[in-house]
Amino acid sequence: RLLKRSIMEAYRKLPIVADWQYFEGVTQVVTDAAQTTGTIAYSQSSRELTLTGATWPATAQYGAVVIADVRYPIERRVSDTVVVLDATQNPGEDIAALTSYRYQRYRYLLPTDCTDIKEVLDATLTSSLRRVATRDVFWRSENQKNTSTPTEWAMFPAQDTPGRWELWISSASTTVRRLRVLYSTRFTTLNNFYSTSDTAVPTTVSVTNDVATFSASVLT
């Protein structure tokens, strides 16, 4: 028991005693280009926004739609031509067909093992984006509704995926851009330590989908 405790204590302390290169990760974020092709119609009863003459991006649930200079977050994508707007942030009334719009996206989901970002690089311009406070990116996206090459970024807890982080950029890109992200990875913590040799009868485990079933009662 003391040996197991010593191993777990060493495991928890090891990642923080040095700046290990092992805990660095690199990923690529591909931005959505701002879109204005086609026209929209909105039904308040269903909160469905229907697009005619174009299709919504596959990742539209992370974006927003600007109508009459007001930005409305998208809750989910139903089909190529239909998205549902946020329950609390929507026009509040029907919008007639043939209305112009602008689709924009500011936030991008980061890998599951990301704990902090060290640097964001624009792969096309080979220039580094500047880190700013989250509130600065928030106000720029809410008030200015920029459509230009992003130059700043911030991190924020993922709105749709608990336990994950999102990259927020300062402006919706006018074209598809590739951002290289250097980040710190998280290490797996050990809360309990069990072995099949701890019992007289060996313990086995079987996993189906997301359910693990043990052959003996070993978990408290």
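In what follows, the structure referred to is the one given above.
Note that the structure is a prediction, hence the values are computed from the model and not measured. (Residues numbered from 1 in each chain as written. Predicted model: local features only at pLDDT ≥ 70, side-chain atom pairs only at ≥ 80, totals over all residues. Heavy atoms only, no water.)

Asker: Looking at this structure, I do not really get the overall build of the protein chain. What am I missing?
Answerer: Each helix and strand counted, the protein chain has two helices and 17 strands in total. Put simply, the protein chain has 220 residues, and 34% of those count as buried. A sequence separation of at least 24 residues applies to 65% of the contacts in the protein chain between residues at least 6 apart. Looking at the protein chain as shown, the accessible area adds up to about 13,100 Å², and 52% of this sits on carbon and sulfur atoms. (Helix = DSSP H or I, 4+ residues; strand = E, 2+ residues; numbered from the N terminus. Buried < 20%, exposed > 50% of the residue type's maximum accessible area, 1.4 Å probe, protein only. Contact = heavy atoms within 4.5 Å. Areas by Shrake-Rupley, 256 points an atom, 1.4 Å probe, with all protein chains shown as cover.)

Asker: What is the right way to read the environment of R76 from this model?
Answerer: With respect to the element layout, R76 can be found in strand β5 (residues 70–77). As for R76 and Q61, which are separated by 15 residues in sequence, their C-alpha atoms are 4.5 Å apart. Once residues within four sequence positions are removed from consideration, R76 is found in contact with Q61, V83 and V84. At a separation of 2.9 Å, a polar atom in the side chain of R76 contacts the side chain of E75. (Polar contact = N/O pair within 3.5 Å; in protein donor to acceptor, adjacent residues only side chain to side chain.)

Asker: Any chance you could explain the pattern of salt bridges here in plain terms?
Answerer: Two side chains of opposite charge can pair, provided their charged atoms sit close to one another. Under the definition given, this model contains twelve salt bridges. When the shortest N-O distance is used, the salt bridge between E75 and R47 registers 3.4 Å. A residue pair is termed long-range when its members are at least 10 positions apart, and E75 in strand β5 and R47 in the loop between β2 (39–43) and β3 (48–52) qualify at 28 residues. Between D160 and R107 there is a salt bridge; the shortest N-O distance is 3.2 Å. Taken together, the residues span a long stretch of sequence, with D160 in the loop between β13 (152–157) and β14 (165–169) and R107 in strand β9 (residues 107–109) at a distance of 53 residues. Classification of D160 as partly exposed rests on a relative accessible area of 41%. By relative accessible area, which is 10% here, R107 ends up buried. Residues participating in the shared-partner salt-bridge network are D19, E24 and K118. (Salt bridge = Lys/Arg side-chain N within 4 Å of Asp/Glu carboxyl O.)

Nothing here speaks to function; it is all geometry.
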